[in-house]
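Remarks on the overall topology
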Amino acid sequence: MRVLVELFDKNPIENVLGACAFKPDLIVYLCDVRDATVFKESAIYRLFKMRKLKAMPRFYYLNTADPAEIKRVLAAVMKDYPGCVFDFSGGRDLILLLAGAYCIPQGAPAYYIDFTYSRIINIQGCEEFAQKFVMPTFTAEELFALAGASIKGSGHYTHGEVTEAFEDQALETWEIVQRNPKAWADFVAYLQTIGAGTAITTLTVSGPATLPGGQRSNLPILEKLRHHGLLAGFKQRGKQVEITFSSPLHKKCLLNQGIWLELYCYIIAKRSGLFTDVRTSLVVDWDGPDGGPDATKNEIDVFLMKGAFPVFISCKMGVPSPLAVSEIKLLSSKFGGGHSSTVLVTGERLGDEHRALKNRAADVGVSLLDNSMLAPQILTEKLGIAASAEQKRHFL
């Protein structure tokens, strides 16, 4: 393929599927001059650089609500680039309609990418492309670059901290959390109190075995954490307790009540083998690599890619608020576009008394997974469905 013509779409990933699949020499983007907030040329250039694509992008700006201007631009493109191939997968309704009506009778090669079934539909002259098409795979960095954003590291971990050994410890800790969430919440509150004011590198903390607020050191939990290697040790002498964490990472995580649900979902997804990219605690800068200290940032608890399909996951130990539903849906739509999936996981079991929350999630397209769906096999199945456009269509 020498020249590919793309009708610029509000879903960022639609604009680069053909480029990544066929690696043409030149890509002509037909963009709406009135919609500059949606489109950033720099996002296309960044993506091409990240994937080492040699394709040269060219950008035509036009009023996509003006039929006469659309026809003039289409005529100019076909004259300047004879034999160009049209991708009819994206674009606004009017330019898509007129491009088909104008270009197809003139024999221009054209195809449509069926995102749901990861295939190309040959409109005319693209039989060979349809046979060879394989849906491209994208990384988290590439997806956010397409939306004009960038990843600014992790909110909880540094590179390489979450090792396989730590993952095993996290799974063991999640079992403790699940066994008695109330006791775990009280225990974390106890650790937070006696550890208040200490540096994260200060691994030994001490305090009364029972605090004025009633929180206790909980010797059975301390023993289990020591057995699994999260604590280097602990001592209780009379009414005083001394606790030594195994590392700054273990201390940071044990002082955070909700982090274990995030880690659990991350590990289950990672070890399932279903996904091409799995991340946790992603900090995303809305303004991309040039965003300053005052730029808008959000943390995404768990993020998955299955080929070209992104899944945004928010984790809440308690009953999620309606705001939590709206927030993760906003991030999913902004950065993943119309093909992304949104999942909200809660450590609570949601019954009939939470029907309003369930209905709200369903109405905005958020898959709500409660404690009854957190067994490894069930969670793996639910996340796999969320990452498959075809399965979502039938099962969610």
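In the block above lies the structure referred to throughout.
Computed from a predicted model, the values in this text were never measured in an experiment.

Let us now look at the packing of helix α7 (residues 164–179) against helix α11 (residues 259–272). Close contact between α7 and α11 brings their axes to 9 Å; oriented N to C, the two are set at 125°. Relative to α11, α7 is oriented oblique. As for how α7 packs across α11, the hand of that crossing is left-handed. Between α7 and α11, the residues in contact are Glu164, Phe166, Glu167, Asp168, Ala170, Leu171, Thr173, Trp174 and Val177 and Trp260, Leu261, Leu263, Tyr264, Tyr266, Ile267, Lys270 and Arg271, respectively. Partitioned by chemical class, the residues of the contact of α7 with α11 number 11 nonpolar, one polar and five charged.

As enumerated under the stated definition, the model contains 14 salt bridges in all. A salt bridge links Asp285 to Lys297; its shortest N-O distance comes to 3.7 Å. Residue Asp285 is located in strand β11 (residues 277–285), and its partner Lys297 is located in strand β12 (residues 297–306); the two are separated by 12 residues in the primary sequence. Classification of Lys297 as partly exposed rests on a relative accessible area of 36%. In the salt-bridge network here, residues are joined through shared partners; they are Glu167, Asp168, Lys270 and Arg271.

A grouping of Tyr112, Ile121 and Ile123 is seen on the molecular surface, where their side chains present a nonpolar patch of about 230 Å² in accessible area. Structurally, Ile121 is set in strand β6 (residues 119–124). For Ile121, a relative accessible area of 35% puts it in the partly exposed group.

Note on placement: Ile13 falls in the loop between β1 (3–7) and α1 (17–22). Overall, the relative accessible area of 4% leaves Ile13 in the buried class. Along the chain, Ile13 and Leu146 lie 133 residues apart, while their C-alpha atoms are 6.9 Å from each other. Aside from chain neighbours lying at most four places away, what touches Ile13 is Phe115, Phe138, Leu143, Leu146, Ala308 and His339.

Below, the discussion takes up the sheet that holds β6. Read across the open sheet, the six strands follow the order β3-β2-β1-β4-β5-β6; overall the sheet is mixed. The open sheet has two edge strands, β3 (56–62) and β6, and neither has a second partner. Adjacent strand axes in the sheet meet at a mean angle of 25° when their direction is disregarded. Packing of helix α2 (residues 41–50) onto the sheet brings it into contact with β2 (26–32) and β3, and relative to β3 it is tilted by some 165°.

Procedures and definitions
- Residues numbered from 1 in each chain as written.
- Predicted model: local features only at pLDDT ≥ 70, side-chain atom pairs only at ≥ 80, totals over all residues.
- Heavy atoms only, no water.
- Axes fitted to C-alpha atoms, helices over the stretch in contact; angles between N-to-C directions.
- Helix = DSSP H or I, 4+ residues; strand = E, 2+ residues; numbered from the N terminus.
- Parallel < 35°, antiparallel > 145°, perpendicular 65-115°, else oblique.
- Left-handed = near helix turned anticlockwise from the far one by under 90°.
- Contact = heavy atoms within 4.5 Å.
- Nonpolar A, V, L, I, M, F, W, Y, C, P; charged D, E, K, R; others polar.
- Salt bridge = Lys/Arg side-chain N within 4 Å of Asp/Glu carboxyl O.
- Buried < 20%, exposed > 50% of the residue type's maximum accessible area, 1.4 Å probe, protein only.
- Patch = residues over 30% accessible without salt bridge, like charges linked within 9 Å, V, L, I, M, F, W, Y side chains within 5 Å.
- Areas by Shrake-Rupley, 256 points an atom, 1.4 Å probe, with all protein chains shown as cover.
- Pairing = 2+ DSSP bridges.

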